[in-house]
Structure formats: structure tokens, C-alpha cells
Amino acid sequence: MDISAGGKIYHLTAIFPLAVGNDFDVVVKYQSADVSNSARAFQDNTSVIKALVAKFPEFREAFAGVVARAVEPSGRDYGSLMAMKDIK
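In what follows, the accompanying structure is described. Position numbers for residues start from 1 in each chain and track the written sequence from start to end. Given that the model is predicted, a residue must reach a pLDDT of at least 70 before its local features are reported, and side-chain atom pairs must reach 80 or more before they are shown or counted; all residues, however, enter totals for whole chains, interfaces and linings. Where side-chain values are given, they derive from all heavy atoms of the structure, hydrogens and water being excluded.

### With respect to the packing of aromatic side chains
Next up, step 1: Each Phe, Tyr or Trp ring (for Trp, its six-membered ring) is paired with any other whose centre lies within 6.5 Å, and the angle between the two planes then decides the class: stacked below 30 degrees, edge-to-face above 60, tilted in between. All told, the structure shown has four aromatic pairs when counted by the stated rule.
Next up, step 2: Aromatic pair tyrosine 10 and tyrosine 30: ring centres 5.3 Å apart, planes at 85°, arrangement edge-to-face. Highlighted residues: tyrosine 10 in strand β2 (residues 8-20) and tyrosine 30 in strand β3 (residues 23-31), separated in sequence by 20 residues. The burial state of tyrosine 10 is the same as that of tyrosine 30; both residues are buried.
Next up, step 3: Between phenylalanine 24 and phenylalanine 63 the ring centres are 5.5 Å apart and the planes differ by 25°, which places this aromatic pair in the stacked class. Helix and strand definitions follow DSSP, with helices as H or I runs of at least four residues and strands as E runs of at least two, each counted in order from the N terminus. Residue exposure (1.4 Å probe, protein chains only): buried if accessible area is under 20% of the type maximum, exposed if over 50%, otherwise partly exposed.

### Structural notes on the pairing of β3
Next up, step 1: One bridge is not enough; two strands pair if DSSP finds at least two bridges between them. Bridge count between β2 and β3: eight bridges; the pairing is antiparallel. Bridge pairing in β3 links alanine 19 to phenylalanine 24.
Next up, step 2: Taking the residues between adjacent antiparallel strands as the criterion, β2 and β3 are bridged by two residues, where glycine 21 takes a positive phi near 60°.
Next up, step 3: Bridge count for β3 against strand β4 (residues 65-71) is seven bridges, and the pairing is parallel. Its bridge partner being in β4, valine 26 is matched across the sheet by valine 66.

Remember, this is a structural readout, not a statement about activity or role.
Right, dumping it as C-alpha cells:
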């Protein structure tokens, strides 16, 4: 599935739930050309998280947070967690 955020198109490759302690988070993985610039990867992750919750507002009720993982073709990835209460 593709999602648009911040003027870019992101190709999502996986969305799945993850139990973390007493919380239930949703994880979204997407294709990225390069994750070596962690500041840029964090910005992309934040954009994907916000776009995902905007597209599926019901996630706000079902999950405590969203984890976005940018994944390079090599398999190397960069992840960010955002609590649902912090997603505007």
C-alpha cells in the first residue's frame, strides 16, 4: 500500500500489531532508499506515522502508539515510536 505524506509517497510493506508490556502498538514498515541520516529518517517516520493515523483514525482507539520502521533494500532499518497521545 502507498501512503502520501509531506509531499512524498511512501510504499508500506507491512502493518502489524505488537504487544509491548501492557500496551498494544501498531508497527508499520516502509521502503526507504537510505536510513544513514537518522535525522531525515526520523522526519520520514514521523510523516508516515501521522499519515497512517490520519488514514485510519480508528487506530487511535485500538493502539497506544505507532512504530514506524524505514527499511533500506539491504534490510538495514531505522525505527521511531510515537505515543498515540502525541500524534497531532
